[in-house]
Amino acid sequence: MRESILELLYGIPLGTFQVSKELPYDETGVALYTRNPKTIYVDFEVEESLPLFITLDRADINTTTSSVAVYFSTDAKQIPPNLNAMITAIKGLKMQISDPGANRREVVHSTEYVGDLLTITVEFRFTRIT
Amino acid sequence: MAYIYPAPGVSNVETTLTISVASNGSDTGTAIPALQDITVNAANDVFTWTQLDQGSKLQIATTATNSLGMNLVLDGTTFFGTVGSGGATAAELGIFGASTDKTKIAFDLYLGDNDDGTAGKTLSGEGYITGLAPTVSADAPVWVSPITITVDGDYTVA
């Protein structure tokens, strides 16, 4: 799922933003996406598996949710003119990301201020039966 | 005490339901997997009358209507059988075939082990599979269905 998102990100108009293949790890206590504004990072995929049906013979029928978060930041004092369009384009990848069998595809985005930076998180959550 | 204490997934301790074709003595039976719940119904009818010398109604239990009610997650092999309609055994017929063919089946419902370690009880009988209503939804895209075995006659307990 992470690879699919990275691949699709290269296909949308990013303007002055760029995509990094690195994970958004902290470097000396500062996340890479705040250290490097206008660079888009895609986090590692995490999974959560919960039972969908509980049966008397312990059949293994679960619903598994995979989540991948996309992070980037920009100068809050000078918002790039294409920011909203870019966030919309990234959220629009929801139906293009490769995840066969996903019966529920969700995307949420949130913002936060870190100093004079506006950090944006776009999280994709896909659910399937396993 | 000997509370009935099935442990899902533990062989000989979990609750199991096995069905076979009642008229086929050589049918060794097939276990129904992925049952979500089981309800044993044993509903006696009651005849009620009044007498001029009694201040309350009098009642006597008459015949019982017996049935097993369950919900299951569909398993393709056991639901449709290896042959389907016309099969000679429960495994061949499948649950759906036994229902559409109106085949009388024999069942053994093992209730599960007791908490004191003694073997649990088994309810047996014969009846017909009815009430199938497989359903699926986008939120939970796995086929599930209610299933009823209407019992012909009495339960036996062993």
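*Asks:* What am I meant to see in the overall build of chain B here?
*Replies:* Looking only at helices and strands, chain B features two helices and eight strands. In sequence order, the secondary structure elements of chain B are arranged as β-β-β-β-α-α-β-β-β-β. For chain B, the spread of C-alpha atoms along the three principal axes comes to 65 × 40 × 40 Å. By residue count, 27% of the 158 residues in chain B fall in the buried class.

*Asks:* Whenever I open this one, the overall build of chain A confuses me. Can you help?
*Replies:* Regarding its fold elements, chain A presents three helices and eight strands. For chain A, the C-alpha atoms occupy an extent of roughly 60 × 30 × 20 Å along the three principal directions. Scored against the burial criterion, the 130 residues of chain A give a buried share of 20%. Restricting to contacts in chain A with at least 6 residues of sequence separation, those with at least 24 account for 61%.

*Asks:* Just checking my understanding: could you explain the environment of Asp139 of chain B for this structure?
*Replies:* Examined against the element boundaries, Asp139 of chain B turns out to sit in the loop between strand E6 (122-130) and strand E7 (144-151). When the C-alpha positions of Asp139 of chain B and Tyr155 of chain B are compared, they lie 38 Å apart, and in sequence the two are 16 residues distant.

*Asks:* Please clarify how unusual backbone geometry should be interpreted in this entry.
*Replies:* Across the chain, the bulk of peptide bonds are trans and the bulk of non-glycine residues have phi less than zero. All names here are of chain B. Phi at Ala34 is positive, roughly 55°, even though this residue is not glycine. Relative to the helices and strands, Ala34 is located in the loop between strand E2 (30-31) and strand E3 (35-49). Notably, Lys102 is not glycine yet its phi reads approximately 55°, a positive angle. Along the chain, Lys102 turns up in the loop between helix H2 (90-100) and strand E5 (105-110). Residue classification places Lys102 among the exposed residues on the basis of 9 C-beta atoms within 10 Å.

*Asks:* Please clarify how the environment of Leu74 of chain B should be interpreted in this entry.
*Replies:* Residues and elements named next belong to chain B. As for its placement among the helices and strands, Leu74 is situated in the loop between strand E4 (58-73) and helix H1 (76-80). Judged by local crowding, Leu74 falls into the buried class, with 21 C-beta atoms found within 10 Å. For the pair Leu74 and Pro134, spaced 60 residues apart in sequence, the C-alpha to C-alpha distance is 8.0 Å. With near-sequence residues (within four places) excluded, Leu74 lies in contact with Phe79, Pro134, Trp143, Val144 and Ser145.

*Asks:* Got a minute to help me understand the pairing of E5 of chain B in this structure?
*Replies:* Consecutive residues of a regular strand have side chains that alternate between opposite faces of the sheet. Residue and element names in this part refer to chain B. Two elements, strand E1 (residues 16-21) and E5, share six bridges in a ladder whose sense is antiparallel. Among the inter-strand pairings, Val21 is bridged to a residue of E5, identified as Ile105. Where E5 and E6 come together, six bridges link them in antiparallel fashion. Considered in E6, the bridge of Ala106 is made with Glu126.

*Asks:* Is there a simple way to explain the nonpolar core in this structure?
*Replies:* Where a protein is soluble and globular, its nonpolar side chains tend to be buried together. Ranked by internal contacts, the top residues of the largest apolar core, which has 27 residues, are Leu35, Leu72, Ala90 and Ile105 of chain B. For this core, the elements supplying multiple residues, two or more each, are E1, E4, H2, E5, E6 and E7 of chain B. Element by element, the count of residues in this core is highest for H2 of chain B, at six residues. Beyond its immediate chain neighbours, meaning those up to four positions away, Ala90 of chain B contacts Ile19, Ser20, Val21, Asp27, Gly29, Thr30, Ala98 and Ile105 of chain B. Leu9, Val70, Ile120 and Phe124 of chain A belong to the second-largest nonpolar core, a separate cluster that totals 19 residues.

*Asks:* For this particular structure, what's the right way to read the confidence of the model for chain B?
*Replies:* Keep in mind that low pLDDT regions are not for reading the predicted coordinates in detail. Chain-level statistics for chain B give a pLDDT mean of 94 and a share of 100% at 70 or above. Interface scoring of the predicted complex returns ipTM 0.84; its pTM is 0.82.

Calculation criteria
- Residues numbered from 1 in each chain as written.
- Chains lettered and ligands numbered in written order.
- Predicted model: local features only at pLDDT ≥ 70, side-chain atom pairs only at ≥ 80, totals over all residues.
- Helix = DSSP H or I, 4+ residues; strand = E, 2+ residues; numbered from the N terminus.
- Buried ≥ 20, exposed ≤ 12 C-beta atoms within 10 Å, placed from the backbone.
- Contact = placed C-beta atoms within 7 Å.
- Pairing = 2+ DSSP bridges.
- Core = buried A, V, L, I, M, F, W, Y, C linked by C-beta atoms within 7 Å.
- pLDDT = per-residue confidence, 0-100.

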